[in-house]
Amino acid sequence: MGIGSGTRCEYAIVGNSAAAIGAIESIRKIDRDGGITVVSNERHHVYSRPLIAHYLAGEVQEERMAYRPADFYERYNVETRFGLNVTRIDADGQNLILDDGSTLHYHRLLISTGSKAMRPPLKGTDLEGVGIFQTYDDARQIVSRFATDTKAVVIGAGLIGLRAAYGLQERGAEVSVVELLPRVLSRVLDARGSHLVQSILEKGGIRVLTGRSVAEISGRNGEVRGLILDNGATLECRIVIIATGVVPNVDLVKDTIIKVNRGIPVNQFFQTNVSNIFAAGDVAETFDIPRAGGMVNANWPNAHEQGRYAGLCMAGKMVQYPGSLGMNAVSLYNIPIVSLGIFDPESEGINQVDVKIRANLEQNIYQKLVFRDNRLKGAIFIGDLGYCGAVKDLIQDQSLVGIIKDSILEEKYQLYAFLRKKRQEKVEGKDVEWPETYSSPQRYQKSFNEESWTERERDERPWH
Amino acid sequence: MITKQKLVYCRPTLCSGCRICANACAVAHDGVANPRLGRIAIHQNLLERYEFQELCRHCEDAPCIDACMVGCIEEDEGTGIITNDDRCVGCWMCVMVCPYGGMRRDLAKQVAIKCDQCKDLSGPVCVDVCPNGALVYKEREDARVEPFFAGPTVA
Ligand SMILES: Cc1cc2nc3c(=O)[nH]c(=O)nc-3n(C[C@H](O)[C@H](O)[C@H](O)COP(=O)(O)OP(=O)(O)OC[C@H]3O[C@@H](n4cnc5c(N)ncnc54)[C@H](O)[C@@H]3O)c2cc1C
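Residues numbered from 1 in each chain as written. Chains lettered and ligands numbered in written order. Predicted model: local features only at pLDDT ≥ 70, side-chain atom pairs only at ≥ 80, totals over all residues. Heavy atoms only, no water.

Draft legend 1. Geometry of the site of the ligand. Looking at the ligand, there are 31 residues lining it, with S17, N41, E42, R49 and D282 of chain A nearest. More than one chain approaches the ligand, the contributing ones being chains A and B. In the environment of the ligand, a nitrogen atom lies 3.1 Å from a nitrogen or oxygen atom belonging to the side chain of N85 of chain A. One of the backbone nitrogen or oxygen atoms of D282 of chain A is found 2.9 Å away from an oxygen atom of the ligand. Burial of the ligand by the protein chains amounts to 93% of its free accessible area of 1000 Å². (Near = heavy atom within 4 Å. Polar contact = N/O pair within 3.5 Å; in protein donor to acceptor, adjacent residues only side chain to side chain. Areas by Shrake-Rupley, 256 points an atom, 1.4 Å probe, with all protein chains shown as cover.)

Dropping the structure here:
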């Protein structure tokens, strides 16, 4: 593989999604001229992957799928090689080998190959009408098969499966979801939350079959006609979406000198064990803040943020990444669902936790906070998002929150005072000294129960 | 981080929780007086007479921009003002990541709404209408030196 036969660039990026865009934007903040080349096997201008569910629903049209404006690559002076697969990384020679036979010599490489959908070994997955739900092309394929009164089945009730089911229903299909485990969203919510979501789905008209597996997908003339379940029951359908989970897409680095765990482990600068090869996004295994260990946290906000940090480091500005956080947000039938960090400590075998719950199941409200050592470790918010952003920040900072444990879900004024102090420090800087004399007219007298608050807070604010 | 960016600050000791700011904000952006649609939120604990104000800080490297999967939250390079446009699909990921509660939810339209500092008007309406002078529109740096801000300002 001669180096002379290919092109060269300063920065090469594999994958063209959230992490890649974050990296391009931050590289260009520092390095205006260094050549950037993006290689992706998808042909599209960068689009928003989660939005394919909204596209399927008919909520979002083609012209709104783009994640960045049409002139993005020109504006950022990026060369694109779309529709090409990177087949091999030659780490010693610093070359990428593409499937059209060309090579690309790089100085720094970012691997942002994201996730890949698992394909269970089922009979009938090759039938027309059966597919995964991972790319824009997948979504377009499904939309093109739509006829009125379509019946559809989604295999797998994870986040992607439910988003797909919801999208199919919005477009007019009659949808069933088959899940092997006893509950839906088992990797996003705890048991109680799952049951609430399942009832929301059922009320919305999606049939949910939990604790069931698919024995076979059956068809006629190469087209799908139905499903046979493990108990022998059959489901008639014309569309099957397989959403049985995703794994980090590490195919490219398998059997290379780049180390692979579950994902590609990276340090706080997103370097792999080869110092000029970086990884970010769904494929990277980063430091998980609440668990204090390596973890793949595959979600859009993390992917873009990680790409942003990785780009800075690639361009030579070594900014330390504080760590990632598992988080999910989704909205089903206008009911918002958010989960953060360690939301179900029992299932992970984490004990000595303190759990606070506020639930009103008739109103589809379920909120849960998980504390350990007076620090917030995780949370679930369904129906009422409350102060979920502040909670996420407290998990990320691992601040001591012992004194407001009972105030967060109750939304008491202690929470307000705590957040106010914290935000002041954040916005104004910790080193600001507030002069003692503050002589502004106090037009509104505020009462305050001195007994109920700590010394510290009483000193901070001129209470009247 | 200190920059020359102008922001709306609040002096909480002067806030009575009247929500005139939130109403004016909703009128300016949506044409209705509804404090729930205000990009500035005033939470009030009536029992304890405690007011708590939340609004966008127009952060540098803002987490909402990372989180927005549609790509419709954007920062103006010149002014640093962060805006959300009508492509929003209401996935609430920005709400989930904003440490300041600056992303609000329009429940009728199911979209996220946020402060744009009334960039199309002459200045933030919330500051103009506050009868108590609790809101000020200043450059961030001033917050450090002016004795005016000697009381705690709020995020
Ligand atoms: C239907 C759906 C709904 C989702 N909803 C949400 C949501 O609501 N919230 C949320 O936070 N996250 C959601 N996600 C997850 C989110 O999309 C991912 O976390 C995010 O896209 C990760 O971005 P990334 O840049 O790491 O990689 P990806 O988006 O996975 O992109 C990787 C790219 O690299 C390309 N590639 C891989 N290998 C090669 C190779 N060898 N050569 C060339 N190109 C290659 C792939 O084709 C792909 O285009 C959803 C995902 C799906 C599928």
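After that view, the rundown keeps rolling.
Draft legend 2. Helix 1 (residues 18–30) of chain A, seen in detail. Residue and element names in this part refer to chain A. Spanning 13 residues, helix 1 covers 19 Å between terminal C-alpha atoms, matching the ideal 18 Å at 1.5 Å per step. Along helix 1, the residues classified as buried are A18, A19, A20, I21, G22, A23, I24, E25, S26, I27 and R28. Buried residues along helix 1 sit in contact with strand 1 (7–14), strand 2 (36–40), helix 3 (72–75), strand 3 (78–82), strand 6 (103–111) and helix 7 (300–314). (Helix = DSSP H or I, 4+ residues; strand = E, 2+ residues; numbered from the N terminus. Expected span 1.5 Å × (residues − 1). Buried < 20%, exposed > 50% of the residue type's maximum accessible area, 1.4 Å probe, protein only. Contact = heavy atoms within 4.5 Å.)

Draft legend 3. Structural view of the pattern of salt bridges. Residues and elements named next belong to chain A. One pass over the full model with this rule turns up 31 salt bridges over all chains. Where R49 meets E42, a salt bridge forms, and the shortest distance between an N and an O atom there is 3.1 Å. The exposure class of E42 is buried, given its relative accessible area of 15%. Across the pair D354 and K405 runs a salt bridge whose closest N-O atoms are separated by 2.8 Å. Here D354 is found in strand 23 (residues 354–360), whereas its partner K405 is found in the loop between helix 8 (388–397) and helix 9 (413–428), with 51 residues between them in sequence. Judged by relative accessible area, D354 falls into the partly exposed class, the value being 27%. (Salt bridge = Lys/Arg side-chain N within 4 Å of Asp/Glu carboxyl O.)

Draft legend 4. Spatial organisation of the sheet that holds strand 13 (residues 223–229) of chain A. All names here are of chain A. With antiparallel pairing, the three strands of this open sheet are ordered in space as 12-13-14. The sheet is open, and its two edges are formed by strand 12 (214–220) and strand 14 (234–236), each paired on a single side. On average, each strand axis in the sheet is tilted by 25° relative to the strand beside it, whichever way the strands run. Summarising the sheet, strand 13 and strand 14 pair through three bridges and their orientation is antiparallel. Each bridged residue has a counterpart across the sheet, and for G226 the counterpart in strand 14 is E236. (Pairing = 2+ DSSP bridges. Axes fitted to C-alpha atoms, helices over the stretch in contact; angles between N-to-C directions.)

Draft legend 5. The environment of G232 of chain A, seen in detail. Residues and elements named next belong to chain A. Of note, G232 is situated in the loop between strand 13 and strand 14. On the accessibility criterion, G232 (48% relative accessible area) is partly exposed. Separated by 16 residues in sequence, G232 and P248 place their C-alpha atoms 34 Å apart.

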